[in-house]
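# Overview (structure and organization)
Residues per chain, in single letters:
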Amino acid sequence: MKFKRNIIITGGAGFIGSHVVRLFVNKYPDYRVINVDKLTYAGNLANLKDVEDATNYTFVKADICDFDTMFALMGQYNVDGIIHLAAESHVDRSIKDPFTFARTNVMGTLSLLQAAKLYWESLPEGYAGKRFYHISTDEVYGALELTRPDGEPPYGDEFFVETTKYNPHSPYSASKASSDHFVRAFHDTYGMPTIVTNCSNNYGPYQFPEKLIPLFINNIRNRKPLPVYGKGENVRDWLYVIDHARAIDVIFHNGKDAETYNIGGFNEWKNIDLIKVIVKTVDRLLGNPEGSSLDLITYVTDRAGHDLRYAIDSSKLKKELGWEPSLQFEEGIEKTVGWYLDNQEWMDNITTGDYEKYYEEMYKGR
Ligand code: NAD
Ligand code: TYD
């Protein structure tokens, strides 16, 4: 079958990637979607069970750092679009093992860029009709102040905009910042049609349970402590993952070359307030007396270099491309908690074995 477009999505077996793959496979039956994923601890093909037999879906197990394989894939599938999500994504892991983050996030992105460059430049039409779309994070901008810590959000007067100066603090955000620079350099130096987007914290189904929301839902279910870093006063801006996937669809198709778009939902929460909402929702859905799991909240040593506040201004994306979040947070969190409680097998398959050992090690001494 001849496809209208042939798109590589890297990291498609991970949390956000699996939602992007699902959306593209279902919405565009005339596109071939090639999911390139190394299947690290964070990659899980169970996230894509419902699309694995689709005729327009292909899975390739490969490391983005393997330049020869990336270059071969470009030609084998006549790739004209790349949506790049593969990355090491957890800040706490980056503090323990920064090398892996530099390797995958920086060298892996560079390997993919160079493979696309050599392939596209070898074609008669060159870069015409091509797109390299890099998915990044708001964490590259650093941290904002809490100038209005009390009362209702927003908790500060400043927001991250597309022109905010990069100021990453963690090895994770430093590696993502570096990869963003390489993507822009390939546009400026070689004329590659690139786009970068920087998104706020995502939540929703299929997130690996080392991240705050799925970790806490699972710990409440198992009556385990909920480790709150520091005083729980850090602020994050939360977006439902399917709204991020919708934004990626809109930007991949309608975004302008060389542009940056910030993606976020104007939805700031102090960690401790968010945690209380999670506890309340899990207790209610499990039929526990309201608030009965609040006693699991345990304040632990803060994360080193813990960024105080992230807050995205996504008005450029709304104004130029008409994207807005579709879900209110209350609805999103209800769906999310419900999904994890209904999919305990998915969770149990991940949280047994090696992960259990990792988790004990990670929280030792906190
Ligand atoms: P994730 O950790 O859930 O998934 C990452 C995926 O990449 C996994 O499937 C893993 O197997 C794959 N991968 C890792 N190293 C690889 C390699 N060398 N070669 C091929 N595949 C490899 O991550 P996520 O939360 O879905 O994040 C996806 C992207 O979105 C990342 O680039 C991240 O920086 C960015 N992002 C995430 C968030 C968030 O809140 N999760 C917010 C903004 C941006
Ligand atoms: P996380 O989900 O790791 O995302 P990020 O660090 O990329 O924002 O963490 C979200 C917030 O929750 C962050 O401020 C750190 C905090 N946190 C805890 O307090 N306890 C935990 O066990 C985890 C994983 C995170």
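This text follows the structure it describes.
A few points on the structure.

Around ligand 1 lies a shell of 28 residues, among which Ile16, Asp37, Ser89, Tyr172 and Lys176 are the nearest. Contact between ligand 1 and Leu39: an oxygen atom at 3.5 Å from a main-chain N or O atom of the residue. The contact in question runs from a nitrogen atom of ligand 1 to an N or O atom on the backbone of Ile64, over 3.0 Å. Considered on its own, ligand 1 offers 830 Å² of accessible surface; in the complex 97% of this is hidden by protein. Listing elements by their share of the shell around ligand 1, those giving two or more residues are helix 1 (15–27), strand 5 (131–137), helix 5 (171–190) and strand 7 (201–203). The element contributing the most residues to the shell around ligand 1 is strand 5, with three residues.

A word on the sheet that holds strand 11 (residues 268–270). What the three strands build is an open sheet, ordered 7-9-11; its pairing is mixed. Pairing within the sheet leaves two strands with one partner each, and these edge strands are strand 7 and strand 11. Mean inter-strand twist for the sheet, computed between neighbouring axes without regard to direction, equals 50°. Sheet topology places strand 9 (residues 235–240) next to strand 11; three bridges connect them, and they run antiparallel. When the bridges of strand 11 are listed, Val235 appears paired with Lys270.

It is worth spelling out the pattern of salt bridges at this point. Enumeration over the complete set of coordinates arrives at 19 salt bridges. Linking Lys318 and Glu324 is a salt bridge whose minimum nitrogen-to-oxygen distance equals 3.4 Å. The exposure class assigned to Glu324 is partly exposed, which follows from its relative accessible area of 42%. Taken together, the salt bridges that share partners define one network made up of Lys38, Asp63 and Arg103.

Residue Pro154 is reached from Pro153 by a cis peptide bond, and omega for that bond is 5°. With respect to the helices and strands, Pro154 occurs in the loop between strand 5 and helix 5. Not every positive phi belongs to a glycine, and Asn78 is a case in point at roughly 50°. By relative accessible area, which is 48% here, Asn78 ends up partly exposed. Of note, Tyr206 is a non-glycine position whose phi angle comes to about 70°, a positive value. You can see Tyr206 is positioned in the loop between strand 7 and helix 6 (212–221).

In terms of burial, helix 6 is a largely internal element, nine of the 10 residues being buried. Along helix 6, the residues that are buried comprise Ile213, Pro214, Leu215, Phe216, Ile217, Asn218, Asn219, Ile220 and Arg221. Where helix 6 ends, the next residue or the one after it, Arg223, has phi of about 55°, a positive value.

Below, the discussion takes up the site of ligand 2. The immediate surroundings of ligand 2 are formed by 19 residues, with Glu139, Pro227, Arg236, Arg303 and His306 found nearest. Contact between ligand 2 and Asn201: an oxygen atom at 2.9 Å from a side-chain N or O atom of the residue. Leu212 places a polar main-chain atom, nitrogen or oxygen, 2.9 Å from an oxygen atom of ligand 2. Relative to its unbound accessible surface of 510 Å², ligand 2 loses 97% to contact with the protein.

Attention shifts here to the sheet that holds strand 6 (residues 194–199). The strand order across the open sheet built from seven strands is 3-2-1-4-5-6-10, with neighbouring strands paired in parallel fashion. Where the open sheet ends on each side, the last strands, each with one partner, are strand 3 (57–61) and strand 10 (260–263). In this sheet, adjacent strand axes meet at a mean angle of 20° when their direction is disregarded. Strand direction decides the pairing type here: strand 4 (residues 81–84) and strand 5, joined by four bridges, are parallel. Pairing of Ile83 across the sheet is with Tyr133, part of strand 5.

Turning our eyes to something else, we now look at the packing of aromatic side chains. Applying the stated criterion across every chain, the model contains 20 aromatic pairs. Pairwise contacts between aromatic rings join Phe24, Tyr28, Tyr31 and Phe252 into one cluster. Its end group placed over the ring of Tyr190, Lys117 keeps NZ or CZ at 4.4 Å from the ring centre. Seen from the ring of Phe159, Arg309 lies directly overhead, with NZ or CZ sitting 5.4 Å from the centre.

So, how was this worked out
- Residues numbered from 1 in each chain as written.
- Chains lettered and ligands numbered in written order.
- Predicted model: local features only at pLDDT ≥ 70, side-chain atom pairs only at ≥ 80, totals over all residues.
- Heavy atoms only, no water.
- Near = heavy atom within 4 Å.
- Polar contact = N/O pair within 3.5 Å; in protein donor to acceptor, adjacent residues only side chain to side chain.
- Areas by Shrake-Rupley, 256 points an atom, 1.4 Å probe, with all protein chains shown as cover.
- Helix = DSSP H or I, 4+ residues; strand = E, 2+ residues; numbered from the N terminus.
- Pairing = 2+ DSSP bridges.
- Axes fitted to C-alpha atoms, helices over the stretch in contact; angles between N-to-C directions.
- Salt bridge = Lys/Arg side-chain N within 4 Å of Asp/Glu carboxyl O.
- Buried < 20%, exposed > 50% of the residue type's maximum accessible area, 1.4 Å probe, protein only.
- Phe/Tyr/Trp six-rings, centres within 6.5 Å; stacked < 30°, edge-to-face > 60°.
- Lys NZ or Arg CZ within 6 Å of the ring centre and 35° of its normal.

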